[in-house]
Amino acid sequence: MSDKPAPPADVPTTAAASEDGGDAAGPSKKALKKAEAKAKKEAEKARRAAEHQANQAAAKAAAGNTEDLAKDNYGDVTPLIKVGADRVHLRDVGDEHLGKKLKLRAWIQNSRMQGAKMAFVELREERNWAIQGVVAASADGKPVSKQMVKWIGGLNLESFVLLEGTVEKPLEPVKSVRVSNYEFHITKCYLVAPGPEVLGMGLVVANKAVTNFDDEEAPQEAVEQAAKGVEAVSLDNVPSASMATHLSNPAMHKRSPVQQAIADVRMMTRKLFADYLDARGFNQFEPPCLIGAASEGGANVFMLPYFEKTACLAQSPQFYKQIEIAGGRKRVYCIGPVFRAENSNTPRHMTEFTGLDIEMEIEESYHEVRDMLEGVLLHIFRGLSEKCAEQIAIVRSVYASEEFLLPDPGKEVRLTFAEGQALLRAEGPEEFRQVSDDEDMSTPQEKALGAIIRRKYRTDFYVLDKFPEGARPFYALEDPEDNKITNSYDFFIRGQEVLSGGQRIHTPSLLEERIRKKGIDPTSPGIKEYVDVFRSAGVPPHGGGGIGLDRVVAWYLNLPSVHLASYYPRTPKRLMP
């Protein structure tokens, strides 16, 4: 035996012969198999080590101890953050946007987590334009991480955010939002303005019908009750908030789709009014709100200090419309605030409202003015049905109403006051069987007559002409053939008055006589200056009318209170917001 050590079994030697008689200089097949087996073993060991490391990394990520790879894609917005994608408005989203990277600015309307890796958020841009947003964690943590999903899902409702994402098709339409056939898949989200931890009034509550119009300041329990409606649950399970709660939460009141729809109808009414008159040679002017004395006498006027004097807030632009006619204008109109210091706490009254007023020269008959006013209101009603159909539908979904009926052209309903009272006596409720032709109508009488006319003539809009002398102001001209009535009229929609007007007295001696007849001193401050206008120059016959914008909107939409039609209603109990 030799004392020389043998070579390792897995290392072939050049002196050894192969078992199959091959070349003694190369490795044997047995040695190659052993080397291959060892290489596989090492590879498996390396794979297991890598898998172990990956599992440890995943565990650390789950515990929140790993780097957030999406940290730059969410958080509070800063001046340095820019989202370069194209801007999109939800009303414009269509198939052409599918798969495209887009930018959206919206409020968080509702949100819910779907496990730890996904959240759904309703994103509302304006009015009721909302889309379902989806945020899901990416497998590699970028562009969306689990931390980002958790942060977005935890944002307070009504927070305002800046987002980047892509428009995609959902598996089925999303019924809870208006943009139901698309989703917004979020890749970036920045908080621009946070919502509060608890809303004073949630959007669901804000978009419910108001049933209590006592506008005293809202008690704390009312605010807390409204706050329960923050979660997006069925409207039927959420109590309505009072008008006081709405007005104490003005931002949420105005964010509700129904209130924005009412505001749209209001502004369209103003525009249609102006468009109609502009096309017929009327000139717009601006009367003052501050005046030196009560314009129409009486005590329903707001007084306020004015340097070393006392001023009043204008009860109407009446005198100034007439001064414009005296100044040579043939036809004028104005749109502006009117103030009435009446302690009337009803759904029909406010201490400040917006008047739509016209005045025009009369050539033959005061019915020229009546017909002009009738024409402008018919233009408004027909224009609203065409231009605001969407808004009207939104309002009707909250405040149900029958279709607003209008007479066919040439079949307008014009009754004298006496004819209206005769209808009440003949076809109205028992309590109105003895109404007088010499006394003004009460609100219940007006509503009862409106129901009769709707049934009889199939219209919600009509005119009552020739009002009794005792129901009209001192500047109303008495009928030359019957001094118990006047050349004046009221217009009604759904049985409620929205316009009052008529022919004015344009001769100073007759005007002064009628002022005395009404028990007013023609030399009193404000009245004397008014009469002097007609003494200073010859003034042609003229007439006009004043429309209450708030009432037109409220009664056209069949709202339960005129306060809902006002941006910021003013009543004897409310001066805020």
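Before reading further, recall that the structure is shown in the block above.
Predicted model only: the values in this text are computed from it and were never measured. Residue numbers restart at each chain and count upward from 1, following the sequence in its written direction. Confidence filtering applies because this is a predicted model: local features only for residues at pLDDT of at least 70, side-chain atom pairs given and counted only at 80 or more, and all residues used for totals across whole chains, interfaces and linings. For the side-chain quantities, the full set of heavy atoms in the structure was used; hydrogens and water were omitted.

A. Expanded view of a nonpolar patch on the surface. Patch definition: residues with relative accessible area over 30% and no salt bridge; like charges joined within 9 Å; nonpolar side chains (Val, Leu, Ile, Met, Phe, Trp, Tyr) joined within 5 Å. Every accessible area reported is derived by Shrake-Rupley at a probe size of 1.4 Å, with residue values counting cover from the shown protein chains alone. Counted as salt bridges are all cases of a side-chain nitrogen of Lys or Arg within 4 Å of a carboxyl oxygen of Asp or Glu. A cluster of nonpolar side chains, contributed by Met267, Tyr567 and Tyr568, occupies part of the molecular surface with about 290 Å² of accessible area. Mapped onto the fold, tyrosine 568 is located in the segment after α15 (549-556). We count a stretch as a helix when DSSP gives it H or I for four or more residues in a row; a strand needs E for two or more, and each element gets its number in order from the N terminus.

B. Broad picture of the sheet that holds strand β11 (residues 309-313). Strand pairing is defined by DSSP finding a minimum of two bridges between the two strands. What the three strands build is an open sheet, ordered β9-β11-β10; its pairing is antiparallel. Here the strands that pair on one side only, and so sit at the sheet edges, are β9 (290-291) and β10 (303-306). Bridge count between β10 and β11: four bridges; the pairing is antiparallel. Each bridged residue has a counterpart across the sheet, and for tyrosine 306 the counterpart in β11 is lysine 309.

C. Representation of the pairing of strand β15 (residues 461-465) within the structure. Exposure categories follow from relative accessible area, calculated using a 1.4 Å probe and restricted to protein chains: below 20% of the type maximum is buried, above 50% is exposed, and the middle band is partly exposed. Burial within β15 is extensive, with five of its five residues counted as buried. Neither face of β15 is left uncovered, since the one carrying Phe461, Val463 and Asp465 and the one carrying Tyr462 and Leu464 both have all their residues buried. Where strand β14 (residues 414-416) meets β15, three bridges bridge the pair, whose relative direction is parallel. Counted as the bridge partner of threonine 416 is aspartate 465 from β15. Sheet analysis places β15 next to strand β18 (residues 488-493), joined by five bridges and oriented antiparallel. Paired with tyrosine 462 across the bridge in β18 is phenylalanine 492.

D. Broad picture of the nonpolar core. Here the nonpolar core consists of buried residues drawn from Ala, Val, Leu, Ile, Met, Phe, Trp, Tyr and Cys, with membership extended through side-chain atoms lying within 4.5 Å. Counting residues in each nonpolar core, the largest one holds 57 residues, and the members touching the most others are Phe273, Leu377, Phe381, Phe491, Ile547, Leu557 and Leu559. Contact criterion: two residues are considered in contact whenever any of their non-hydrogen atoms come within 4.5 Å of each other. Phenylalanine 381 has contacts with Phe404, Leu406, Phe461, Ile493, Val552 and Tyr556, leaving out every residue within four places of it along the chain. Of all hydrophobic cores here, the second largest spans 37 residues; its members include Val88, Val149, Val179 and Leu199.

E. Summary view of helix α11 (residues 417-427). Residues Phe417, Gly420, Gln421, Leu423 and Leu424 constitute the buried set of α11. Projected down its long axis, α11 carries its buried residues within an arc of 155°, all on one side. Buried residues in α11 make contact with β14, α12 (443-457) and β15. Our arc is simply the arc of the directions from the helix axis toward the C-beta atoms.

F. Spatial organisation of the sheet that holds β18. With respect to topology, eight strands assemble into an open sheet ordered β8-β12-β13-β20-β19-β18-β15-β14, the strand pairing being mixed. The sheet is open, and its two edges are formed by β8 (283-284) and β14, each paired on a single side.

G. Structural view of the packing of aromatic side chains. Centre distance within 6.5 Å is the pairing criterion for rings of Phe, Tyr and Trp, where only the six-membered ring of Trp is used; planes under 30 degrees apart are then read as stacked, over 60 as edge-to-face, and the remainder as tilted. Applying the stated criterion to the full structure yields 18 aromatic pairs. A ring pair is formed by tyrosine 74 and tryptophan 151, whose centres lie 5.4 Å apart and whose planes are at 50°; its orientation type is tilted. Within this pair, whereas tyrosine 74 is found in strand β1 (residues 74-76), its partner tryptophan 151 is found in helix α2 (residues 146-153), the two being separated by 77 residues in sequence. Consider the rings of phenylalanine 273 and tyrosine 333, whose centres lie 5.7 Å apart with planes at 90°: the pair is edge-to-face. With phenylalanine 273 in helix α7 (residues 257-278) and tyrosine 333 in strand β12 (residues 331-339), this pair connects stretches of sequence that are 60 residues apart. As far as the burial class goes, phenylalanine 273 and tyrosine 333 line up, both buried. Taken together, the ring pairs in this structure connect Tyr366, Phe381, Phe404, Phe461, Tyr489, Phe491 and Tyr556 into an aromatic cluster. Against the face of tyrosine 182 rests lysine 169, its NZ or CZ located 4.6 Å from the ring centre. Definition used: whenever NZ (Lys) or CZ (Arg) falls within 6 Å of the ring centre and also within 35 degrees of the ring normal, the charge is taken to sit over that ring.

H. Focus on unusual backbone geometry. Following lysine 142, the chain continues into proline 143 via a peptide bond in cis, with omega recorded as 10°. Within the secondary structure, proline 143 is located in the loop between β5 (129-136) and α2. Cis geometry is found at the peptide bond from methionine 576 to proline 577, where omega equals -5°. One can find proline 577 in the segment after α15. A positive phi angle is found at phenylalanine 307, which is not glycine, with a value near 55°.

I. Broad picture of the packing of α11 against α12. Close contact between α11 and α12 brings their axes to 10 Å; oriented N to C, the two are set at 85°. What the angle tells us is that α11 and α12 run roughly perpendicular. Counted together, Gly420, Gln421, Leu423, Leu424 and Glu427 of α11 and Gln445, Ala448, Leu449, Ile452, Ile453, Arg455, Lys456 and Tyr457 of α12 form the full contact between these two elements. Counted by class, the contact of α11 with α12 contains seven nonpolar, three polar and three charged residues. Here an axis means a line fitted to C-alpha atoms, over the contact stretch when the element is a helix, while the angle between two N-to-C directions is reported on a 0 to 180 degree scale. Each angle receives one of four descriptions, namely roughly parallel if under 35 degrees, roughly antiparallel if over 145, roughly perpendicular if within 65 to 115, and oblique otherwise. Nonpolar residues are Ala, Val, Leu, Ile, Met, Phe, Trp, Tyr, Cys and Pro. Charged residues are Asp, Glu, Lys and Arg, and all others, Gly as well, are polar.

J. Examining the packing of α7 against helix α10 (residues 389-398) more closely. Where α7 meets α10, the closest approach of the two axes is 9 Å, and the angle between their N-to-C directions is 135°. Of the possible angle classes, the one that applies to α7 and α10 is oblique. Read as a crossing pair, α7 and α10 show a hand that is left-handed. Where α7 approaches α10, its residues Pro257, Val258, Ala261, Ile262, Asp264 and Val265 are matched on the opposing element by Gln391, Ile394, Val395 and Val398. Of the residues contributing to the contact of α7 with α10, the split by class is eight nonpolar, one polar and one charged. When the near helix sits turned anticlockwise from the far one by under a right angle, the crossing is termed left-handed; a clockwise turn instead gives a right-handed crossing.

K. How the structure looks around the pattern of salt bridges. Scanning all chains against the criterion turns up 37 salt bridges. Note that arginine 370 is salt-bridged to aspartate 465, the shortest N-O span being 3.4 Å. Taken as a pair, arginine 370 in helix α9 (residues 367-387) and aspartate 465 in strand β15 lie far apart in primary sequence, 95 residues in all. Each member of the pair, arginine 370 as well as aspartate 465, is classed as buried. Taken together, the shared-partner salt bridges in this structure form one network comprising Arg370, Asp371, Glu374, Arg414 and Asp465.

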